[in-house]
Every structure is written in C-alpha cells, then in structure tokens.
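Each chain is listed here by its residues.
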Amino acid sequence: MIGTISEMLSHAFIQRALLVGILISLCAALLGVSLVLKRYSMIGDGLSHVGFGILTVATAFGATSPLYIAIPCVTIAAIVLLKIGNNSKIKSDSAIALISSSALAIGVAVTSLTTGMNTDVCNFMFGSILAMSKSDVVLSIIVSIIVAALFIIYYRKLFVVTFDEEFAKASGLKAKRYTSIIAVLTALIIVVGMRMMGVMLISSIIIFPALTSMRIFKSFKKVVISSAIVSIVSFLIGIYLSYIYNISTGAMIVIVNLVLFILFSIIDKIIHD
Amino acid sequence: MDLIQIKDLSFSYPAKKDTLKHVNLKVQKGTFTCIVGENGSGKSTLIKCILGLNKGYTGKIKADRRIGYLPQKSHIQTNFPATIEEVVLSGTISNNVRSIFYKKEDKEKAKQVMERLGIYDIRKKCFADLSGGQQQRVLIARALCATKDIIILDEPTNGLDPTIAKQIYELLDKLKTEDKITILMVSHDIERALSYADTVIELSNGEVTFEGTTKDYKKGGAKK
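In this text the structure is predicted, and so the values were computed from the model without any measurement.

Each value, and the rule that gives it
- Residues numbered from 1 in each chain as written.
- Chains lettered and ligands numbered in written order.
- Predicted model: local features only at pLDDT ≥ 70, side-chain atom pairs only at ≥ 80, totals over all residues.
- Helix = DSSP H or I, 4+ residues; strand = E, 2+ residues; numbered from the N terminus.
- Rg over C-alpha atoms; globule rule 2.2 N^0.38 Å.
- Buried ≥ 20, exposed ≤ 12 C-beta atoms within 10 Å, placed from the backbone.
- Domains from an automatic or database assignment.
- Nonpolar A, V, L, I, M, F, W, Y, C, P; charged D, E, K, R; others polar.
- Contact = placed C-beta atoms within 7 Å.
- Pairing = 2+ DSSP bridges.
- Right-handed = clockwise from strand over helix to strand, strands pointing away.
- Axes fitted to C-alpha atoms, helices over the stretch in contact; angles between N-to-C directions.
- Parallel < 35°, antiparallel > 145°, perpendicular 65-115°, else oblique.
- Left-handed = near helix turned anticlockwise from the far one by under 90°.
- Core = buried A, V, L, I, M, F, W, Y, C linked by C-beta atoms within 7 Å.
- pLDDT = per-residue confidence, 0-100.

A. Summary view of the overall build of chain B. Scanning chain B from N- to C-terminus turns up seven helices and nine strands. At 17 Å, chain B has a C-alpha radius of gyration in line with the 17 Å of a compact globule built from 224 residues. The principal-axis extents of the C-alpha atoms in chain B amount to approximately 45 × 40 × 35 Å. A buried classification covers 41% of the 224 residues belonging to chain B.

In structure tokens:
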C-alpha cells in the first residue's frame, strides 16, 4: 500500500489533485454544516445543475475558460434562489427543483445541438479531478482560501444566525446577510468543485460530512471539526481507491462518504442503546 | 425610570392593516410587566417593534439596544447540535459584534449566568436533548447574557406543563427581585402570569385597552 501511495504521489497531476481536493473537501464540509442546519441542503444540488447549464452554454459559444463565466453566473443564481425562497409564493424547495431541472435541461439541449455527449461534457457531469488544468488549480486554491477564511471570521455569527434567526436579528445581526454569504460561498465552492466531483455528485460532499458528524456529535463546534475531518478522509480514501481500481474519483468519494455515514449511524446506535 | 417609552406607535403588515394603532406605553425599570390580549391583538408585533425586528412603523420608540430576548420557541429547530454552553455564550454576541472570537469577559458572563440559573454543571449537554422547561431556562440564560437590565419574553411557558411553567415564573420573579432585571412578557396564560406580574398592558385589536398595576387590572380593568 505504501508503495502504491508513493507511486501515486510521484505524479504531478495527483499532487495537484490532492491539494485541490483537500481544500475543496474542507470548504464544502464547513459550508455543509450551515446548509444542512438551515434546511438548505438542496441548494447545492440546484446550483450545481445551474453551473452545468452555464458551462455547456459557455463551451458552446467557444469560451476558453468556462469556469470564469460560471462563477459569477452561479453566484447570481444562488442569490436569486435565496430571494425566491424568502418572499415568494413558491416554497424554496420547489423553486430549487424548478430552476435546477430547467438548467440541466437547457444544458443537455445545448449539448445535443452542438458537440453532443463528448468527453468534455462527461467530465462536467461526473468529474475528472485528474484533468484539471493549472489555472483551474490556482482558481480552486484561491476560492478555497477565501471560503475557509470567511467561515472562520464569521463562525460566531453563523452559529447565532443558524441556531435562532429571530434572536440574531434582535441582537442587531443582519441575518439575511449571513445567509447570503453562505449561499455565495456555496456557489463558489460548487463551481470549482464541479471539476473534481462532477455536476451530479458535488452536492453530496457538501451534505454528507455534516449529516455523518451529526449522527454522533452534539455540539456545533465538534460537528464542524468532525465534518472537516470526515470530508478530507473520505476524499483521501476515495482518490486512493479510484486510483487502484480505476473507478471515477467523484463516485468513489461519495461511496466512501456513504460508508462513513452508515458507520457513524451504527456507532450512534451502539452509544445510545 | 422608564426603560421603554413608546409614543403614538402604529404598524401595519403588508397583509394586515393597523396591527398596532396609536400605541402609547411605558415600561418602568424593575417591573414585571405582562402584555395580555387575544390572538391577533398585536402583542408579538408590539415586542418585535420594540426589538427593532419590525421596520417601517410610525411613532417613537425609545428603548435600550441591549435587550435580552426570548423568541417564541417554534423558531428553533429540533435536533440542532449545540451544547448549552454554546447557546448561552451566543447571547453575548451583541456586546462585541465585530470581534472574531468570544472575549474573556463574554465567557465569564456566560459562566456567571449559567451558575445563577443552575445549568452550569450540565453545560456540555446537547440543547436538543433537554426537556422543554430546561430549554427555556437555557434560552433565558442566553437572553441574560445580552443585557444588564431588561429581558423580553414571547410566551415563555407555551407548551410547558403547569408545574414547569410555575418554575419558569418563579425564576423570572427571582430575577426581578434579586437581580433587578426588568421583565416584559407576552403571555396567554393570563391567570398564572398575573400572579407574578406587577404591571399589566392589555391589547385589543392593536390598541392599548389597559395599562396599570395588576391590582387595578384584577379589580375592574379585566374583562372576559
């Protein structure tokens, strides 16, 4: 096993993949705690589909680095989704379902009209961490550092807002602002994470670590720390298994997450019985 | 001294006009005031105006920004992973909104309050695992962390069984007499609330129909 690992590490593309993957897993897990607790789990799913639609359209128009177009567009979509959820007659889960399937449909339609289902599109759908370009890597690192830093800076406020929005407002916090920050950061992580995990799977690395940690831990701080660890460990085991058995990296990471979730659920049962 | 002064306050929701109509009232320091009235009479709206949660009212509200607040419990979701300590400590957020971490004095304050309310020994327990009465106790502790003078409570005994509700009232009474905390409370549970409150404000259809001592209210002001 150690031999395989050192062989893996000798490839430059794996080194890049590891660095980016660890950072994205960490950030996705941090955001996931707030999203799951705020009942916004589905927003990740919705935004990734919007991201897919935008990437295909951008590629169809011949954009050379579609990620730079996707970032602002998905960010706007995140804000729109929140606004819809807050004040309109359509409930936010239905709104997300509407927007996400529409964006996916547009993406698929545009793909059929232009390139067809080629490897590029397949990579968007199911991820290919190993095919990330240098500029993708740099972008991912910058975005991850911003997300992690903002999470730490706003940690206290995020807790208050997530736990009890009414109390937060009465304490003079602009609760909506923090919800928007979370949505925008989620949009950023989804766009850069899409390369690694693929559109269909990215939302799982946001939700799984938080849900897994909440099985066992009952303090906010412990859930946050555990989510970060669970997420990074799942990524590392996932990429290792995908290298050995030649399975899609994104899929393998989700499967490891699922296994950990089941494991934590069993431990929870044992502890509380 | 008046901690809260309200002059000619009117407020309408987009969907419901005249929720509050020309409300005038004062809350004196050191009192235990109970706001009573039927459903939809504007009780919760009134305290949300005082707390600055409802914007766009007309009239004047003079109130300290440092108010401890205990919202209706339905706002908090079940199964939230948070310890008692985390919840109580979060009450200090308004003392220094800008800093990244809790300060030493915040932690000290939270500790004092938890000891005062007898929940310090169980501070590592999960909030969601507590009984309804204990949860309210924790939320009162959180409210106390945000203020030195006054806490506002929106139906703190809702859904609690009578013995537990009585304990909550006794706790509030103790805070008033021993810690000089002014209490402003909305309650449905009029009978029990009036045996602890010394001042009553009655609202009906958005208007103040009684303001005075509990004694006077029981004598003649009370209706229904």
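Let's pick the thread back up.
B. Focus on the domain arrangement of chain B. Residues and elements named next belong to chain B. Assigned domains within chain B: domain 1 (1–64 + 149–224) and domain 2 (75–148). Distance from the C-alpha centre of domain 1 to the C-alpha centre of domain 2: 24 Å. For the side of domain 1 that touches domain 2, the elements supplying multiple residues, two or more each, are strand S6 (150–154) and helix H5 (162–179). At four residues, H5 tops the list of elements feeding residues into the side of domain 1 that touches domain 2. Per-class residue counts for the side of domain 1 that touches domain 2 are seven nonpolar, two polar and one charged.

C. The interface of chain A and chain B, seen in detail. Contact with chain A, which involves 23 residues of that partner, is made by 21 residues of chain B. Taken together, the elements giving at least two residues each to the side of chain A that touches chain B come down to helix H8 (155–163), helix H9 (165–170) and helix H12 (220–245) of chain A. Of the residues that constitute the side of chain A that touches chain B, the class distribution is twelve nonpolar, three polar and eight charged.

D. Quick look at the pairing of S6(B). Residues and elements named next belong to chain B. With five of five residues buried, S6 lies mostly within the body of the structure. The two faces of S6 match: Ile150, Ile152 and Asp154 on one face and Ile151 and Leu153 on the other face are all buried. As paired strands, strand S5 (residues 67–70) and S6 are joined by four bridges and run parallel to one another. Considered in S6, the bridge of Gly68 is made with Ile151. In terms of strand pairing, S6 meets strand S7 (residues 182–186) through five bridges, oriented parallel. Paired with Asp154 across the strands is Val186, a residue of S7. Handedness of the β-α-β unit built from S6, H5 and S7 comes out right-handed.

E. Main features of the packing of helix H2 (residues 12–37) of chain A against helix H7 (residues 134–153) of chain A. Residue and element names in this part refer to chain A. Relative to each other, H2 and H7 sit at 30 degrees, their axes nearing to 9 Å. Between H2 and H7, the crossing angle belongs to the class labelled roughly parallel. The two elements H2 and H7 meet at a crossing, and its hand is left-handed. Residues Arg16, Val20, Leu23, Ile24, Leu26, Cys27 and Leu30 of H2 touch H7, and the partners they reach there are Val137, Ser140, Ile141, Ser144, Val147, Ala148 and Phe151.

F. Looking closely at the nonpolar core. Of all hydrophobic cores here, the largest spans 145 residues; its most connected members are Val74(A), Ile189(A), Val88(B) and Ile152(B). The element contributing the most residues to this core is H2(A), with 14 residues. Looking at this core, you find at least three residues from each of domain 1 (1–64 + 149–224) and domain 2 (75–148) of chain B.

G. Molecular detail of the packing of helix H11 (residues 202–216) of chain A against H12(A). Residues and elements named next belong to chain A. Between H11 and H12, the least distance of the axes is 8 Å, while the angle of their chain directions is 125 degrees. One way to sum up the angle between H11 and H12 is to call them oblique. Every pair of crossing elements has a handedness; the one defined by H11 and H12 is right-handed. Contacts between H11 and H12 involve Ile205, Pro209, Ala210, Thr212, Ser213 and Met214 on the former and, on the latter, Val223, Ser226, Ser227, Val230 and Ser231. Partitioning the contact of H11 with H12 into residue classes produces six nonpolar, five polar and no charged.

H. Broad picture of the pairing of strand S4 (residues 58–63) of chain B. Residue and element names in this part refer to chain B. Of all six residues in S4, zero are buried, a share of ten percent or less. Sheet topology note: the strand S1 (residues 2–11)/S4 ladder contains five bridges and is antiparallel. Residue Lys7 lies in a different strand from S4, and its bridge partner there is Lys60.

I. Quick peek at the confidence of the model for chain B. Across chain B, pLDDT averages 89, with 98% of residues at or above 70. Looking over chain B, one finds the lowest element-wise mean pLDDT in helix H7 (residues 214–221) of chain B, namely 80, and the highest in helix H2 (residues 84–90) of chain B, namely 95.

J. How the structure looks around unusual backbone geometry. Residue and element names in this part refer to chain B. Look at His22: it is not a glycine, yet its phi comes out positive at around 45 degrees. A positive phi angle, close to 50 degrees, is found at Asn205, a residue other than glycine. On the secondary structure map, Asn205 appears in the loop between strand S8 (199–204) and strand S9 (207–213). Using a count of 14 C-beta atoms within 10 Å as the deciding quantity, one classes Asn205 as partly exposed.

K. Structural detail: the environment of Ser180(A). Residues and elements named next belong to chain A. Looking at the secondary structure, you find Ser180 in helix H10 (residues 175–197). Its 15 C-beta neighbours within 10 Å are what place Ser180 among the partly exposed residues. With 98 residues separating them in the primary sequence, Ser180 and Leu82 have C-alpha atoms 7.5 Å apart. Ignoring any residue separated from it by four or fewer positions in sequence, one finds Ser180 in contact with Ile79 and Leu82.

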